[in-house]
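# Coordinate inspection notes
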Amino acid sequence: MQTIGLEIQLNEENLKRLLHRYHFKESDFAQLSALSRVLQSLIQPRAYYIWKREEAPVSYEDYAVVFLSLGNGVDALQEICLEKEAVTEGYMIECLASELLFMAYQECVRQLQAERGKWAEKIDFLGDTYPLELMEKLYMDFEGIPITFNAQYVLQPKKSVVFLLPMIPMQEGRENASCHICQNCKNTSCILRDETVTESAQAEEEISFGRKLPFSTAINTYGYQRIFGKKGLMHIYCGDGKGKTTAAAGLALRAAAAGEKVVFAQFMKGGRSGEVVTLSQLEQVTILRSEKNFPFYEEMTELQKAELTDIHNAILEELTARVNDGNCGLAVLDEITYPWNWGLIDIEKLQSFLQNAKGRAEVVCTGRDPADFLLEQADYITEMKCIRHPFEKGVAAREGVEY
C-alpha cells in the first residue's frame, strides 16, 4: 500500500464559484471565507492506494484501488455546529468540504496518472460498476488506514471515498491532462469535466434547440453523490388531512427529473392508484407494493395479517438492498406508519433501515400517527391538517383525486 498527501486549497475564485453553485447570497462571502480558513487548518487530505492487475471480480487490466479522505476535521467541526444549532454554518461547512473533496479527488487522479505514466480511463466508485460488498475484500489490503465503514458500507470519516481507477496508455503531448476525451465525451456529469467543454456543449445545445433542456438526464450514482457530499435526509408527511401520498409522489417526480433513482414503496396498498400508474412509466422509478389487495385492518383475518406482514417485510428487504447497492437516491415508504403501529412489519429491521439509509438516500415516510422513533429520526416533518373534506358530506373517494 502507498500513501500520498494531497495539497489542496480553496482560493477566492473557488469560493465565488461555490457561492453561486450552492445559491448563497453575495453577503455570505465573508462568512464562507472565514469558515474556509478554519476548515483548511483542520483537514488532512490523503489517499491510500494499491496498484492491481486484472483480478476477479474486477476485469480492468491495470487499475488502482483508492481510499481517499479529508480526515476527521470536517466531522468534528460539523458536530460543533450541530451542538450549537448553527445550521447555516453547518451547511456552509458541508458545501466547503464537498468542494475540497472534489479538489482532493482531482489531485489524486493527477498524481496517480503521473506515477503510472497512463491516463485514468474513468473513476469507478463502488456501487457503480461493482457492488458495495466488494469493499470488504478490497479493504483487507488497507489494514490500519484511518478510514472505516459500517455494515451498510458508509465510510467514516464522512468526507471519504473509495474507487477503482482503471488506466489506459497516455498519448504524447497530453501528459498533464486529467484525461483525454472531454471534447468527444458525452458524460457531461463527469467531475473532471473541462468546464470550457461543458460551456461549449451547452451553447451548442441552446443554438440547436433554442433553449436548455428542462432538467439533467445524467444519473446521479452513489459514487457521484459521495464525491459531491450529497447527504440524504428524512421527511415525514403525516396528519389527518389529504395530501400525504400526493406530496410524496410529487417529490418522487422531482427527484426522477433530477436524475435520481427512485424507489416508491407502498404499504397497506394493493389496489389501483393513479400515482403508481404514472410513476411506473418512468425509467428512473421502481415501484414496490403488494400485488394483492387486502381489506381494511379491522376486517382482516389473522391469516391475512400474517400474509401481509410477509409481503411488507419482503418489500423492506428489497428496498434495503437497493439503497445499500447505491441504486436508490430517493426512498419513499408510503403509508409506513400503519404497519408500524399495527405490527405488520419487522420493526427492528425497519428501524435499522431508517437509521442506516440517512446519508445514503433521501427517505420519505407517510401516514397518520407516526411513532416517536420516526419523529426523532426526521429532518422534515410536515403535518397535513384536515379543515374540511367532502367525505363529511358523503362524497366518495374520486379517481384521479383521492387515488
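Shown above is the structure to which this text applies.
Attention here is on the structure that accompanies the text. (Residues numbered from 1 in each chain as written. Predicted model: local features only at pLDDT ≥ 70, side-chain atom pairs only at ≥ 80, totals over all residues. Heavy atoms only, no water.)

Two side chains of opposite charge can pair, provided their charged atoms sit close to one another. Summed over all chains, the structure comprises 12 salt bridges. Here Arg 322 and Glu 318 are joined by a salt bridge, their closest N and O atoms 2.8 Å apart. Linking Arg 322 with Glu 318, this pair stays in helix α10 (residues 302-324), spanning four residues, or about one helical turn. Exposure remark for Glu 318: the relative accessible area of 32% places this residue in the partly exposed category. Each member of the salt-bridge network shares a partner with another, and the members are Lys 52, Glu 55 and Asp 141. (Salt bridge = Lys/Arg side-chain N within 4 Å of Asp/Glu carboxyl O. Helix = DSSP H or I, 4+ residues; strand = E, 2+ residues; numbered from the N terminus. Buried < 20%, exposed > 50% of the residue type's maximum accessible area, 1.4 Å probe, protein only.)

Counting buried residues along strand β12 (residues 330-334), five of its five residues qualify, which places the element largely inside the surrounding structure. Relative to β12, strand β10 (residues 262-266) runs parallel, the two sharing five bridges. Residue Phe 264 lies in a different strand from β12, and its bridge partner there is Val 332. Two strands pair when backbone bridges link them, and β12 and strand β13 (residues 362-366) are joined in this way by four bridges, in the parallel orientation. Bridge assignment links Val 332 to a residue of β13, and that residue is Val 364. (Pairing = 2+ DSSP bridges.)

This part is about helix α2 (residues 29-42). Within an α-helix, residues lying three or four positions from one another point in the same direction, as the helix has 3.6 residues per turn. With 14 residues, α2 extends 20 Å from end C-alpha to end C-alpha; this agrees with the ideal 20 Å at 1.5 Å per step. Where α2 is buried, its residues touch α1 (12-21), α3 (73-83) and α4 (87-116). (Expected span 1.5 Å × (residues − 1). Contact = heavy atoms within 4.5 Å.)

What follows is about the pairing of strand β2 (residues 46-55). One face of the sheet, then the other: side chains in a regular strand alternate in exactly this way. Of the pairings in the sheet, the one linking strand β1 (residues 2-5) to β2 comprises four bridges and is antiparallel in character. From the neighbouring strand, Ile 4 faces β2, where its bridge partner is Ala 47. With antiparallel pairing between neighbouring strands as the criterion, β2 and strand β3 (residues 58-69) make up a hairpin whose turn holds two residues.

With their axes 10 Å apart at the nearest point, α1 and α2 run at an angle of 125 degrees to one another. When the axis of α1 is compared with that of α2, the two are oblique. The chirality of how α1 crosses α2 is right-handed. Side by side, α1 and α2 meet where Glu 12, Leu 15, Lys 16, Leu 18 and Leu 19 of the first sit next to Phe 29, Leu 32, Ser 33 and Ser 36 of the second. Across the contact of α1 with α2, the residue classes tally to five nonpolar, two polar and two charged. (Axes fitted to C-alpha atoms, helices over the stretch in contact; angles between N-to-C directions. Parallel < 35°, antiparallel > 145°, perpendicular 65-115°, else oblique. Left-handed = near helix turned anticlockwise from the far one by under 90°. Nonpolar A, V, L, I, M, F, W, Y, C, P; charged D, E, K, R; others polar.)

Let's shift gears to the side chain of Glu 335. With respect to the element layout, Glu 335 can be found in the loop between β12 and α11 (337-342). What makes Glu 335 buried here is its relative accessible area of 14%.

What follows deals with the side chain of Asp 75. Its place among the elements puts Asp 75 in helix α3. If sequence neighbours within four positions are ignored, Asp 75 has contacts with Gln 156, Pro 157, Lys 158 and Lys 159.

Bringing unusual backbone geometry into the picture now. When glycine is set aside, most residues are seen to have a negative phi, and most peptide bonds are trans. Here Ala 56 and Pro 57 are connected by a cis peptide whose omega angle stands at 5 degrees. Inspection of the secondary structure assignment puts Pro 57 in the loop between β2 and β3. The peptide bond linking Gln 156 to Pro 157 adopts the cis configuration, its omega dihedral lying at -5 degrees. Looking at where Pro 157 falls in the secondary structure, it is placed in the loop between β7 (155-156) and β8 (160-169). The phi torsion at Glu 85 lies on the positive side, around 55 degrees, for a residue other than glycine. You can see Glu 85 is positioned in the loop between α3 and α4. Taking the relative accessible area as the measure of exposure, Glu 85 reaches 67% and is therefore exposed. With a phi angle near 50 degrees, Asp 369 is a residue other than glycine that sits in the positive phi range. Following the sequence through the fold, Asp 369 ends up in the loop between β13 and α13 (372-377). With relative accessibility at 60%, the residue Asp 369 sits in the exposed group.

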